[in-house]
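# Per-entry structural report
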Amino acid sequence: MAAIIRTADELAESLSRRGTSLYTKIVEKYSDGRSFIICLAVGIALLIAHLVIQFDFYAVMIAKLSGNSVETTAKITSVDRYERKHMNRSKDIKRYGQHRKPEVYYDTVAVTSDGVRLKFHGESFYGNVGEEIDVRYVRDNPQNAYVAGNPHSGIPGAITAALFLLMSIVILLKAWGIYRTIRLYNGVLRRGLYLTVIQSDQFSSKMIKKKAVWTRVYIPRYTYSLPDGNVLEFEGHPQQEKPDVDAAGPRSEFRIYMVKPEDTSDGRYILTENQD
């Protein structure tokens, strides 16, 4: 087990023994938490939308756990088809022409063999009058019901619900990653172990692709001088303008916090700028 590093001198000595003169694994900062809050809110909103669309399905699944659900067949007794038209806006006219295709909805009523009347509303066409469909519903509340085992059953709604669920999972995972970064960042800063570095007049540059456009960014460097004369270098955050050493001013203090100082295989670090 590696010894715990407690001072800046011990940290500098440990870094010098790693045989690396230039450190490049800088950790991005999410200190204000806005990205986390936005991702969390959007992810939860999409999850709620998914649950609303699939409410009947989940209600039946929950009822099934308590033995309060019914799985049976029902005969379609009526199918009402109607169209919902939209006002033509300028962008709709450009995309669809003067006559935009209206959305089609169906109100389908089916009755089970024991007389339970079920009603389904939406874009899905379940069949014609007289046809039988497989249904699932909550015994105590038949309003919570869905159609299963039918080739026309619930495809539009299911696709929309699945997309909402997928997007929700992706965004919530991103929120979790941001949260872990925030927790890591704050934990490292609370430890208070850092090297005071100075901004060098040296920098590097590279091309990055952002929104299908290649842009050149500049990466400043920060140095720490060791007692034996060797120098440790750390890359800063990429920026659009060429680094200007004098722009920071003499009152700025730059600090390097290693994420895991005792782990010689972990070269990640955090760079902060503090002003007196």
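Residues numbered from 1 in each chain as written. Predicted model: local features only at pLDDT ≥ 70, side-chain atom pairs only at ≥ 80, totals over all residues. Heavy atoms only, no water.

### A closer look at the overall build of the chain
In terms of regular secondary structure, the chain is built from five helices and eleven strands. Considering the chain as a whole, with its 276 residues, one finds that 33% of them fall into the buried category. Contacts spanning at least 24 positions in sequence make up 61% of the contacts within the chain whose residues lie at least 6 apart. For the chain, the accessible area works out to roughly 17800 Å², and carbon and sulfur atoms hold 53% of it. (Helix = DSSP H or I, 4+ residues; strand = E, 2+ residues; numbered from the N terminus. Buried < 20%, exposed > 50% of the residue type's maximum accessible area, 1.4 Å probe, protein only. Contact = heavy atoms within 4.5 Å. Areas by Shrake-Rupley, 256 points an atom, 1.4 Å probe, with all protein chains shown as cover.)

### Some words on the sheet that holds strand S11 (residues 269–275)
Taken in spatial order, the six strands line up as S1-S9-S8-S7-S10-S11 in an open sheet, and their pairing is mixed. Sheet topology places strand S1 (22–23) and S11 at the edges, where each strand pairs with a single neighbour. Sheet topology note: the strand S7 (residues 195–210)/strand S10 (residues 252–258) ladder contains three bridges and is antiparallel. Directly across from Thr196, in S10, lies its bridge partner Arg255. (Pairing = 2+ DSSP bridges.)

### A word on helix H1 (residues 8–16)
Of the residues making up H1, those classed as buried are Leu11, Ala12, Ser14 and Leu15. Seen end-on, H1 carries its buried residues on one side only, within an arc spanning 160°. Check the buried side of H1 and you find it contacts S1, S7, strand S8 (213–225), strand S9 (231–235) and S10. (Arc of directions from axis to C-beta.)

### Re the packing of aromatic side chains
All chains considered together, the criterion is met by twelve aromatic pairs. With centroids separated by 5.3 Å and ring planes inclined at 45°, the aromatic side chains of Tyr194 and Tyr257 adopt a geometry described as tilted. One end of the pair, Tyr194, is in the loop between helix H5 (155–191) and S7; the other, Tyr257, is in strand S10, with 63 residues separating them in the sequence. What makes Tyr194 partly exposed here is its relative accessible area of 24%. Judged by its relative accessible area of 6%, Tyr257 falls in the buried class. (Phe/Tyr/Trp six-rings, centres within 6.5 Å; stacked < 30°, edge-to-face > 60°.)

### So, the nonpolar core
One finds Leu15, Leu195, Val197, Tyr224, Phe234 and Ile256 to be the most contacted residues of the largest nonpolar core, which totals 18 residues. Contributions of two or more residues to this core are made by H1, S7, S8, S9, S10 and S11. Setting aside residues no more than four positions away along its own chain, Ile256 makes contact with Leu193, Tyr194, Leu195, Val197, Phe234, Tyr269, Ile270 and Leu271. (Core = buried A, V, L, I, M, F, W, Y, C linked by side-chain atoms within 4.5 Å.)

### Points about the confidence of the model for the chain
Here the chain averages 84 in pLDDT, and 85% of its residues register 70 or above. At the low end of the mean pLDDT range in the chain sits helix H4 (residues 90–96), at 54; at the high end sits S9, at 93. (pLDDT = per-residue confidence, 0-100.)

### A look at the sheet that holds strand S3 (residues 103–112)
With antiparallel pairing, five strands are arranged side by side in an open sheet as S4-S3-S2-S5-S6. Among the strands making up the open sheet, the edge pair consists of strand S4 (117–122) and strand S6 (141–148). Geometrically, the sheet is characterised by an average inter-axis angle of 40° between neighbouring strands, direction not taken into account. The pairing of S3 with S4 spans six bridges and is antiparallel. Looking across to S4, one finds that Tyr106 is bridged to Gly122. In the packing of helix H3 (residues 55–65) onto the sheet, the strands contacted are strand S2 (69–84), strand S5 (132–138) and S6, and the crossing angle to S6 comes to about 105°. (Axes fitted to C-alpha atoms, helices over the stretch in contact; angles between N-to-C directions.)

### Things to note about the pattern of salt bridges
Applying the stated criterion to the full structure yields eight salt bridges. A salt bridge links Lys64 to Glu71; its shortest N-O distance comes to 3.1 Å. A relative accessible area of 45% places Glu71 in the partly exposed class. Taken together, the shared-partner salt bridges connect Lys64, Glu71 and Arg136 into one network. (Salt bridge = Lys/Arg side-chain N within 4 Å of Asp/Glu carboxyl O.)

### Re the environment of His121
Of note, His121 is situated in strand S4. Not counting residues up to four positions away in its chain, the partners in contact with His121 are Tyr82, Tyr105, Tyr106 and Asp107. One polar contact links His121 to Tyr82, side chain to side chain, over a distance of 3.3 Å. (Polar contact = N/O pair within 3.5 Å; in protein donor to acceptor, adjacent residues only side chain to side chain.)

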